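Examining the three-dimensional arrangement
Residue-level listing of the chains:
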Amino acid sequence: MIALGCDHGGLEIKNAVIKYLEENNIQYKDYGCYTSDSVDYPQYAYKVAKAVTANEAELGILCCGTGIGISMAANKVNGIRAAVVSNEFCAEMTRRHNNANILCMGGRVITEEEAVKYADIFLNTPFEGDRHTKRVDMIAAIENGTFEG
């Protein structure tokens, strides 16, 4: 199951991703927003991040105007590795090397077609593990206050 959320600036690309998920029979839960009325992105970032950390969703996708603000808010939740993506290479590497669990994109930065492509790459790229596991574990240690750099 994929958790989705957006603010008004990411609504159109979120809706494009929903269409892709439905066409590919991928289960999802949409945490909002649902209109183009101005809203505050942290509330949607929090809902999606909590769904991912509670194992209610395997991965999350968040969209705002740039992807930046919503990723910053999501990354405040322990256990979240949210990454802003604006090209195919980063969509792949954020999963393959960083084991990101939330994809963030900007509706004022990329097209609907690009958003769908990046979501497809993100959802279908496995974590490579190996040397990258140590690095992801180091990120978790920083987050938990146990990193001794």
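This section reports on the structure supplied with the text. This structure is a prediction, so every number in the text was calculated from the model and none was measured.

Brief notes about the overall build of the protein
Looking only at helices and strands, the protein features 6 helices and 5 strands. Moving toward the C terminus, one meets the helices and strands of the protein in the order β-α-β-α-β-α-β-α-β-α-α. Over its C-alpha atoms the protein spans a radius of gyration of 14 Å, differing by no more than 12% from the 15 Å that the globule rule assigns to 149 residues. With respect to the principal axes defined by its C-alpha atoms, the protein has extents near 45 × 25 × 25 Å. Contacts in the protein between residues at least 24 apart in sequence constitute 69% of all its contacts with a sequence separation of at least 6. Computed over 14 positive and 20 negative side-chain charges, the inter-centroid distance for the protein is 5 Å.

Overview of the environment of Cys90
With respect to the helices and strands, the residue Cys90 is situated in helix α4 (residues 88-96). Using a relative accessible area of 33% as the deciding quantity, one classes Cys90 as partly exposed. Distance from Cys90 to Ile121, taken between C-alpha atoms, is 9.5 Å for residues 31 residues apart in sequence.

Brief notes about the sheet that holds strand β3 (residues 59-64)
Whether parallel or antiparallel, the strands of a sheet pair through hydrogen bonds between backbone atoms. The parallel open sheet is built from 5 strands, whose spatial order is β2-β1-β3-β5-β4. Two strands close off the open sheet at either side, each with one partner strand: β2 (28-30) and β4 (82-84). Within the sheet, the average angular offset between the axes of one strand and its neighbour, ignoring direction, is 20 degrees. Packing against the sheet, helix α1 (residues 11-23) makes contact with β1 (2-6), β2, β3 and β5 (102-106), and its axis sits at approximately 160 degrees to β1.

Here's the deal with a negative patch on the surface
The grouping of Glu12, Glu88, Glu112, Glu113 and Glu114 at the surface amounts to a negative patch. For the negative patch, the element with the most residues is helix α5 (residues 112-124), which contributes 3 residues. Looking at where Glu114 falls in the secondary structure, it is placed in helix α5. Take Glu114: its relative accessible area is 31%, and that puts it in the partly exposed class.

Considerations on a nonpolar patch on the surface
Taken together, the side chains of Ile68, Met72 and Val84 make up a nonpolar region of the molecular surface, amounting to roughly 280 Å² of accessible area. Structurally, the position occupied by Met72 is in helix α3 (residues 68-74). Exposure remark for Met72: the relative accessible area of 54% places this residue in the exposed category.

A short note on the pattern of salt bridges
Scanning the model with the defined rule gives 2 salt bridges in all. Residues Lys14 and Asp30 are paired through a salt bridge, measuring 2.8 Å at the closest nitrogen-oxygen approach. Of this pair, Lys14 sits in helix α1 while Asp30 sits in strand β2; the two residues are 16 residues apart in sequence, bridging distant segments of the chain. Like Lys14, the residue Asp30 is buried in the burial classification. For the salt bridge of Arg96 with Glu92, the shortest nitrogen-to-oxygen distance reads 2.9 Å. Of the two residues, Arg96 and Glu92 are both situated in helix α4; the distance of 4 residues between them amounts to about one turn of the helix. The partly exposed category is assigned to Glu92, whose relative accessible area is 26%.

Things to note about the pairing of β1
Strand residues, when the strand is regular, have side chains that alternate between the two faces of the sheet. Summarising burial for β1: 5 of the 5 residues are buried, a large majority. Residues Ile2, Leu4 and Cys6 point to one face of β1 and Ala3 and Gly5 to the other, with burial holding for every one of them. For β1 and β3, the ladder comprises 5 bridges, and the chain directions are parallel. Following the sheet pairing, Gly5 is matched in β3 by Leu62.

Cut-offs applied
One numbering rule holds for all chains: residues counted from 1, following each sequence as written. Owing to the predicted nature of the model, reporting of local features is limited to residues with pLDDT of at least 70; listing and counting of side-chain atom pairs is limited to 80 or more, with chain, interface and lining totals taken over all residues. Hydrogen atoms and water are omitted, and side-chain values are computed over all heavy atoms in the structure. Under the scheme used here, helices are H or I runs from DSSP no shorter than 4 residues and strands are E runs no shorter than 2 residues, and both carry numbers assigned from the N terminus. We compute the radius of gyration from the C-alpha atoms alone; for a globule the expected value is 2.2 Å times N to the 0.38, where N is the number of residues. Working rule for contacts: check all heavy atoms of both residues, and any pair within 4.5 Å makes them a contact. Residues counted as positive are Lys and Arg, residues counted as negative are Asp and Glu, and His and the chain ends are not counted. Just so you know, the charge point we use is NZ for Lys, CZ for Arg, CG for Asp and CD for Glu. Each residue's exposure class comes from its accessible area (1.4 Å probe, protein chains only) as a fraction of the maximum for that residue type: buried when under 20%, exposed when over 50%, partly exposed otherwise. One requirement defines pairing of two strands: DSSP has to find at least two bridges between them. As a rule, the C-alpha atoms of each element are fitted with a line to give its axis, helices using only the stretch in contact, and angles between N-to-C directions run from 0 to 180 degrees. Patches were defined on residues exceeding 30% relative accessible area and lacking a salt bridge, with like-charge contacts within 9 Å and nonpolar side-chain contacts (Val, Leu, Ile, Met, Phe, Trp, Tyr) within 5 Å. Surface accessibility follows the Shrake-Rupley procedure with a 1.4 Å probe radius. Residue values consider only the protein chains on display as shielding. Salt bridge, as used here, is a side-chain nitrogen of Lys or Arg placed within 4 Å of a carboxyl oxygen of Asp or Glu.

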